[in-house]
Amino acid sequence: MPRRSRTLTGLLLFTSLTLTTAGIAGIAATANASPEAPASAAGTHAAHNAAYSMPGMPGMANSTKASGDDPDGDGYIMADPPVTGVTPSMEVPPSAYFHEFQAKCAPTHTAPDDPIVYPGQPGKSHDHTFMGNTTTNANTTTASLEAGDTTCLAPGDKSGYWMPSLFNGDTKILPEGVQTIYYKSGVTDYRSVRPFPRGLRYVVGSPMQTQDEFKNLKGTVEGWECGESFKNYDFPATCPTSRDTYLNLRLQAPSCWDGIHLDTPDHKSHMAYPVAGGANYNSCPADHPVALPMIEFKMAWPVNGDMSQVKLASGKGFSFHYDFMNGWDAATLDAMVTHCVKGGLQCDPHGYDENHPGAGAVLDGNYELP
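Residues numbered from 1 in each chain as written. Predicted model: local features only at pLDDT ≥ 70, side-chain atom pairs only at ≥ 80, totals over all residues. Heavy atoms only, no water.

## Observations concerning helix α4 (residues 330–341)
Along its 12 residues, α4 runs 15 Å from first to last C-alpha, staying within 8% of the 16 Å computed at 1.5 Å per residue. Close packing links the buried residues of α4 with β2 (100–105), β8 (179–185), β20 (293–301) and β24 (346–347). (Helix = DSSP H or I, 4+ residues; strand = E, 2+ residues; numbered from the N terminus. Expected span 1.5 Å × (residues − 1). Contact = heavy atoms within 4.5 Å.)

## Remarks on empty space enclosed by the protein
What the rule picks out here adds up to 2 cavities of 30 Å³ or more. Considered as a void within the structure, the largest cavity measures approximately 50 Å³ in volume. What lines the largest cavity is Q102, A103, K104, C152, L153, A154, D157, W328, M336 and P349. At 3 residues, β2 tops the list of elements feeding residues into the lining of the largest cavity. Of the residues assigned to the lining of the largest cavity, the class counts are 7 nonpolar, 1 polar and 2 charged. (1 Å grid on protein atoms, 1.4 Å probe; cavity = no way out; pocket = protein on both sides within 12 Å on 5 of 7 lines; lining within 4 Å. Points joined across faces, edges and corners; volume = space filled by probe spheres on them. Nonpolar A, V, L, I, M, F, W, Y, C, P; charged D, E, K, R; others polar.)

## Observations regarding the packing of aromatic side chains
Considering all chains together, one arrives at 16 aromatic pairs under this definition. Each ring, one from W224 and one from W301, has its centre 5.5 Å from the other, and the planes form 50°; the classification is tilted. Taken together, the residues span a long stretch of sequence, with W224 in strand β10 (residues 220–226) and W301 in strand β20 at a distance of 77 residues. Looking at W224, the relative accessible area reads 0%, which means it is buried. For W301, a relative accessible area of 1% translates into the label buried. Pairwise contacts between aromatic rings join F101, Y161, Y183, F196, Y202, F297, Y322, F324 and W328 into one cluster. Seen from the ring of Y182, K184 lies directly overhead, with NZ or CZ sitting 4.9 Å from the centre. (Phe/Tyr/Trp six-rings, centres within 6.5 Å; stacked < 30°, edge-to-face > 60°. Buried < 20%, exposed > 50% of the residue type's maximum accessible area, 1.4 Å probe, protein only. Lys NZ or Arg CZ within 6 Å of the ring centre and 35° of its normal.)

## Let's talk about the sheet that holds strand β5 (residues 160–164)
Spatially, the 5 strands line up as an open sheet ordered β3-β4-β5-β23-β9, and their pairing is antiparallel. Pairing within the sheet leaves two strands with one partner each, and these edge strands are β3 (107–111) and β9 (201–204). Each neighbouring strand pair of the sheet contributes to a mean axis angle of 20°, computed without reference to strand direction. Here 4 bridges tie β9 to strand β23 (residues 322–325), and the two strands are oriented antiparallel to one another. Bridge assignment links Y202 to a residue of β23, and that residue is F324. (Pairing = 2+ DSSP bridges. Axes fitted to C-alpha atoms, helices over the stretch in contact; angles between N-to-C directions.)

## Quick notes on the sheet that holds strand β16 (residues 271–272)
The sheet built from 3 strands is open, its strands ordered β16-β14-β19 with antiparallel pairing. Every interior strand has two partners, whereas the edge strands, β16 and β19 (290–291), have only one. Where strand β14 (residues 256–257) lies against β19, 2 bridges are found, and the strand directions are antiparallel. Counterpart to W257 in the pairing with β19 is V290.

## Considering the nonpolar core
Counting 63 residues, the largest nonpolar core has F101, Y161, I181, Y183, I295 and W301 as the members making the most contacts within it. Per-element tally for this core: the top contributor is α4, with 5 residues. Here I295 is in contact with Y161, I181, Y182, Y183, F196, Y202, L251, Q252, A253, Y322 and F324, once residues within four sequence places are set aside. Counting 9 residues, the second largest nonpolar core, distinct from the first, contains F130, L145, V203 and M325. (Core = buried A, V, L, I, M, F, W, Y, C linked by side-chain atoms within 4.5 Å.)

And the structure:
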């Protein structure tokens, strides 16, 4: 495996030093962010509040071990091979309103583990709800994901997805049934999107972000929703009590990759959100030129009525964040990205667009490649 050059460019060196010093709070928002004290967790979960920490973040526990995917323990996991020589596309593609497919994955288990932020340290994180891979725990590696099972409809998706557990008082509330995870194009030229590299991982948002930072995070979509109530950046005071009313949230991940790192010490700086240009054109920035699928969590919790006791294991509603660790079978992901995202289709978990039946499906009745 190629090693990271110790002679970094001035920009990368500055970024690395800044992130190591400031900690994850300083980079939680993509614009107008300023580090502030972490939000307090509620009730019995206070000890796990703001578990994502970096050197220089006072009062927070730091990770003391390296991932099994990081042999030298420096916090950098290198892509092998790296993707170099890429220029962000500025081409205008054929008109296509959709360029996406769905992954449908059910919750599997909960645990105070986080194999990205606290690898090899079970119990050190606040409580997380895990979806997809059934084996995800503090010791998870790329190889262990690939050897595990999954609750995703597509057996080829053995990725680990996790987020802070939600509580109503002292009762833990899990999302009900399979949840929708969209894989979309975040850039205008959807034809330039590539599948995730093996072993990519990152954190979206931060448990230490302020309400204003969560509101202005580029990935935030409408905030917390219930019934006809939208754009709540903390939990709303009440939700309608009808049986079909759920607490909902959507949060989009950065989708531009530096092409070099599968992870970095802050678990963020190897990824970036697309940047807006003229005529409503979105493209990847020059320092993160590789367009990858944009993940969008769309979660639904069966809780409504009085919301005064609803909280996350990480604290207030605006502390919501999630982690992703790629465990897709390479051939399956490549086929879904090629057919649905690059093909400008709106695909279900089979890779089928009912509005374009002639295009066919990617996966068979068992959600597998034929």
